Amino acid sequence: MLTDEEQMLRESVSRFATEVVGPKVREMDEQEMMDPEIIRGLFEQGLMGIETPADLGGAESSFTSAIIAIEELAKVDPSVSVLCDVHNTLVNTIFRKYATKEQQEKWLPQLSENKLGSFCLSEPASGSDAFALQTRAKKDGSDWVINGSKMWITNSYEAEIFLIFANVDPSKGYKGITCFVATKDMGIQIAKKEQKLGIRASSTCTLNFDDLRVPEENVIGQVGQGYKIAIEILNEGRVGIAAQMVGLAQGAFAKAVPYTYERKQFGQPIGTFQAMQHQIAAAATEIETARLLTYNAARRKENGLSFTKEAAMAKWWASVVAQKVSGAAIEWAGGVGFTRETGIEKYWRDSKIGAIYEGTSNIQLNTIAKFIQKEYS
Ligand code: CAA
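Draft legend 1. Structural detail: the site of the ligand. By nearness alone, 23 residues border the ligand, and S128, T154, Y174, Y227 and N235 come closest of all. Within the side chain of K175, one N or O atom sits 3.4 Å away from an oxygen atom of the ligand. Between the ligand and G359 there is a distance of 3.0 Å, counted from an oxygen atom to a backbone nitrogen or oxygen. Only α5 (78-98), α7 (226-262) and α12 (361-376) provide two or more residues apiece to the shell around the ligand. Top contributing element to the shell around the ligand by residue count: α7, with 6 residues. In terms of domain composition, the shell around the ligand takes at least three residues from each of domain 2 (118-226) and domain 3 (227-376).

Draft legend 2. Spatial organisation of α7. Given a rise of 1.5 Å per residue, 37 residues ought to cover 54 Å, and the 54 Å separating the end C-alpha atoms of α7 matches this to within 8%. Where α7 bends most, at N235, the angle is about 30 degrees. Of all 37 residues in α7, 28 are buried; the element is thus mostly enclosed.

Draft legend 3. Up close: the pattern of salt bridges. Applying the stated criterion across every chain yields a total of 29 salt bridges. Put simply, E71 and R291 hold a salt bridge, and the shortest N to O gap is 3.0 Å. With a gap of 220 residues between them, E71 in helix α4 (residues 63-76) and R291 in helix α8 (residues 274-302) connect regions that are remote in the sequence. Take E71: its relative accessible area is 1%, and that puts it in the buried class. Close ionic contact of D169 with K172 constitutes a salt bridge, the shortest N to O distance being 3.7 Å. Overall, K172 belongs to the exposed group, its relative accessible area being 53%. Where salt bridges share partners, they join R10, E71, E72, K75, E288 and R291 into one cluster.

Draft legend 4. Main features of the packing of helix α1 (residues 4-21) against helix α3 (residues 36-44). Running from N to C, α1 and α3 cross one another at 160 degrees; their axes reach a closest spacing of 11 Å. What the angle tells us is that α1 and α3 run roughly antiparallel. In this structure, α1 crosses over α3, and the sense of that crossing is right-handed. Contacts between α1 and α3 involve F16, V20 and V21 on the former and, on the latter, I38, G41 and L42. Across the contact of α1 with α3, the residue classes tally to 5 nonpolar, 1 polar and no charged.

Draft legend 5. Spotlight on the packing of aromatic side chains. Enumeration according to the criterion identifies 8 aromatic pairs in this entry. Taken together, a centroid distance of 6.1 Å and an interplanar angle of 80 degrees make the contact between F253 and W332 edge-to-face. Of this pair, F253 sits in helix α7 while W332 sits in helix α9 (residues 308-332), placing them 79 residues apart in sequence. Assessed through its relative accessible area of 13%, F253 is described here as buried. Residue classification places W332 among the buried positions, given a relative accessible area of 3%.

Draft legend 6. Spatial organisation of the side chain of E72. Take E72: it is sitting in helix α4. The buried category is assigned to E72, whose relative accessible area is 5%. One polar contact links E72 to K75, side chain to side chain, over a distance of 2.8 Å. With residues up to four places along the chain from it excluded, the contact list for E72 reads R10, V13, S14 and A17.

The rules we used
Residues numbered from 1 in each chain as written. Predicted model: local features only at pLDDT ≥ 70, side-chain atom pairs only at ≥ 80, totals over all residues. Heavy atoms only, no water. Near = heavy atom within 4 Å. Polar contact = N/O pair within 3.5 Å; in protein donor to acceptor, adjacent residues only side chain to side chain. Helix = DSSP H or I, 4+ residues; strand = E, 2+ residues; numbered from the N terminus. Domains from an automatic or database assignment. Expected span 1.5 Å × (residues − 1). Bend = angle between axes of the 7 residues up to and from the residue. Buried < 20%, exposed > 50% of the residue type's maximum accessible area, 1.4 Å probe, protein only. Salt bridge = Lys/Arg side-chain N within 4 Å of Asp/Glu carboxyl O. Axes fitted to C-alpha atoms, helices over the stretch in contact; angles between N-to-C directions. Parallel < 35°, antiparallel > 145°, perpendicular 65-115°, else oblique. Left-handed = near helix turned anticlockwise from the far one by under 90°. Contact = heavy atoms within 4.5 Å. Nonpolar A, V, L, I, M, F, W, Y, C, P; charged D, E, K, R; others polar. Phe/Tyr/Trp six-rings, centres within 6.5 Å; stacked < 30°, edge-to-face > 60°.

Right, dumping it as structure tokens:
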């Protein structure tokens, strides 16, 4: 059950997504570029500080509100959705949970008002094995000097505020990983913008840090606690990606199903053949199961209950459903679905990333399996 506030948010985000994002989706996908007006619009709509306290410029809403916004945006464009998702569930949340009061007062108002954030963890040699990262930070006087590279970093082309994970003492293994905040103008180099199969308007870049100097006060949380920050935040982020995949599946469904009632073959609308009706009914049910898993994980998190297993289940299952439903939607719309005219094929291309980022499907299943083993052995 959504609260009145969450329901109102759903309606207003849906309006923004349909009226403002909708007309730009195809062009942004073709050009592989996010329209800056869309990013500005997200800030103006109050969608870039959803859980941030009001006195720091945010909307002070619930985690479920963020999940609803991500879902609604994804119905129209999963690229815009992930931009909003990473900014809210990863970047803002790290500041809210781990930053000092002074750091929150410095960074959160900017992140609510007009500066996009980016979360920099993955590297060429450390994706699933995230804690094997090679980026290093060395103390020099009262500064830290960061050297290394990050890869596949969402939002990084447009971002101005970067949370960077670097190891300050590799002899301690992952217990040397530390979280730093840096701004683009400190010298972060965008080395390469990837060309991708899907979510093409969402930027994904390689970043280089070449003696990037950050002051001591830019350490977020404790030195050596960065690994805990990264993975605890990813537990929340995974609920966001689940919401993105639920919205994506619903968006593809909503585009293809009406077509099946218009398109006639053998003298009747194709959607009224029983073989089609059953596929459509099964897809609607699968979307609902993914949505319920996602909301359940979000509500558990909000209520201070354990939610790591539930987040992994939601993310894994929602990405399976998104790929399945968007693939079926192309087939329901036949030749038309295979063209770029309707945008249905784009949902399927966009769905593939759901099984990859913020922990692959295998990592989610590993996490779920660890809980099962603990419970039953
Ligand atoms: N929640 C909380 N803590 C966890 C955890 C979880 N889900 N998984 C592991 N940990 C903790 C353990 O408790 C342990 O901590 P302590 O030493 O303090 O006890 C520590 O992490 C190491 O645990 P393991 O030995 O079990 O972990 P591992 O080395 O086998 O793998 C992992 C750990 C890197 C977290 C891996 O499970 C994982 O999740 N990999 C995926 C990484 C990922 O999600 N990357 C996303 C990149 S960012 C992104 O995608 C954003 C975007 O673009 C949209």
